[in-house]
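Structure at a glance
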Amino acid sequence: QTGLDRHGPRFRARFEPPASDGELVLVRTHPIVEGLAAFVLDQALDASPSRVAARAAVVRSAGVDVRTTALVLRLRYELAAARADHRVAEESRIVAFAGPPDAPRWLEPAAAIALFEGPPAGNVAPEQQAAEIERFSDTIGALAPALERYAHERAGELRAAHERVRSAGGLAGRTTVEPHLPVDILGAYIFLPAPGGGSSR
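Residues take numbers from 1 onward in each chain, read along the sequence in its written order. Per-residue local features of the predicted model are confined to residues with pLDDT of at least 70, and side-chain atom pairs are confined, for both listing and counting, to 80 or more; whole-chain, interface and lining totals are unaffected and use all residues. Hydrogens and waters are ignored; side-chain quantities use all the structure's heavy atoms.

Once that is clear, we can look at the layout of surface pockets. The definitions used throughout rest on a 1 Å grid laid over the protein atoms alone, on which a cavity is an enclosed set of points accommodating a 1.4 Å probe that cannot get out and a pocket is an open set flanked by protein within 12 Å on both sides along at least five of seven lines; lining residues are those having an atom within 4 Å of a point. Grid points are joined across faces, edges and corners, and a volume is the space filled by probe spheres set on the points. Empty space within the second largest pocket amounts to approximately 330 Å³. Helix and strand definitions follow DSSP, with helices as H or I runs of at least four residues and strands as E runs of at least two, each counted in order from the N terminus. For the lining of the second largest pocket, the secondary structure elements donating two or more residues are β7 (85-98), α2 (109-114) and α4 (144-168). Looking at which element gives the most residues to the lining of the second largest pocket, the answer is α4, with seven residues. Residue type decides the class: Asp, Glu, Lys and Arg count as charged, Ala, Val, Leu, Ile, Met, Phe, Trp, Tyr, Cys and Pro as nonpolar, and the leftover types, Gly among them, as polar. Residues that form the lining of the second largest pocket fall into these classes: nine nonpolar, no polar and five charged.

The structure is reproduced here in structure tokens:
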């Protein structure tokens, strides 16, 4: 919708074409999308409590009965389908585990995503948030072997997908996919049980 309000100019937009007269198509490279992404990422590194995003957070949730941690990972791979054909691919994935990092119980992918879908079930004092994040940071190294195994599993799945495509296209040769290690952790989100809902060990 076009016009002005207290937040500035208004406009009509859609994320996929075709656009009607007076509408913008907000594709990934549109300046508005790039500006919004930069704003959110900058806020994620800001210490202000009013920020719109964060790379680490602590939330009380009715969806967990023990401390559960979700990680946003960036996985990078080197693909080679021929001697001179080397490419780099990357993806972002969400994984989650219940319990402490030195004895994690990994959740199924759908359960990891579901952690973000429920509303908060209570407030967490800033002091407790800081303590929980520091506690996680001190023990994050214990997750390295499991994250490396996960990266190799995903590399195997990517290799299999490429080989299926090459086979369907009648292309000879094998594809190799090697993960770049260590895995990048872009964000960590700790979910604590709601008051009276379970242990937060």
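Picking up after the structure, the text goes on.
Moving on: unusual backbone geometry. Cis geometry marks the peptide bond from P17 to P18; its omega dihedral reads 5 degrees. With respect to the helices, strands and loops of the structure, P18 is situated in the loop between β3 (12-14) and β4 (23-25). Residue P182 follows L181 across a cis peptide bond; omega there is 0 degrees.

Right, let's get into the environment of A142. With respect to the helices, strands and loops of the structure, A142 is situated in the loop between α3 (126-139) and α4. Distance in space between the C-alpha atoms of A142 and A103 is 8.6 Å, their sequence separation being 39 residues. The contact definition used throughout considers only heavy atoms, calling two residues in contact when any of these lie within 4.5 Å. Residue contacts for A142: discarding those within four places in its chain leaves P101 and D102.

Structurally, R67 can be placed in the loop between β5 (56-61) and β6 (68-82). One polar contact links R67 to E132, side chain to side chain, over a distance of 3.0 Å. Pairing of N or O atoms within 3.5 Å defines a polar contact, subject to two protein rules: one partner must be a possible hydrogen donor and the other a possible acceptor, and residues neighboring in sequence count only if both atoms are side-chain atoms.

This part covers the pattern of salt bridges. By definition here, a salt bridge exists when the distance from a side-chain nitrogen of Lys or Arg to a carboxyl oxygen of Asp or Glu is within 4 Å. Across all of its chains, the model carries eight salt bridges by this definition. A salt bridge links E90 to R76; the nearest nitrogen and oxygen atoms lie 3.4 Å apart. Of the two residues, E90 sits in strand β7 while R76 sits in strand β6, which places them 14 residues apart along the sequence. What you see here is one network of salt bridges that share partners, running through R12, R14 and E23.

Expected span of a helix: the number of residues minus one, times 1.5 Å. For α4, built from 25 residues, the straight-helix expectation of 36 Å at 1.5 Å per residue is met to within 8% by its first-to-last C-alpha distance of 36 Å. Under the scheme applied here, a residue whose accessible area is under 20% of the maximum for its type counts as buried, over 50% as exposed, and between as partly exposed, the area being computed with a 1.4 Å probe on protein chains only. Listed as buried for α4 are A146, L147, Y150, A151, R154, A155 and R166. Downstream of α4 by one or two residues, G170 has phi in the positive range, about 70 degrees.

Ring pairs are drawn from Phe, Tyr and Trp, using the six-membered ring of Trp, whenever the two centres fall within 6.5 Å, and their geometry is named by plane angle: stacked under 30 degrees, edge-to-face over 60, tilted for the rest. Following the criterion strictly, the structure yields three aromatic pairs and no others. For the ring pair F116 and Y189, a centre distance of 5.7 Å and an interplane angle of 75 degrees mean the geometry is edge-to-face. One end of the pair, F116, is in the loop between α2 and α3; the other, Y189, is in strand β10 (residues 184-193), and 73 residues separate them in sequence. With relative accessibility at 38%, the residue F116 sits in the partly exposed group. Aromatic pair F116 and F191: ring centres 5.6 Å apart, planes at 90 degrees, arrangement edge-to-face. Linking F116 in the loop between α2 and α3 with F191 in strand β10, this pair joins segments that are 75 residues apart in sequence. When its relative accessible area of 6% is taken as the criterion, F191 is described as buried.

The values reported here are purely geometric and, on their own, carry no functional implication.
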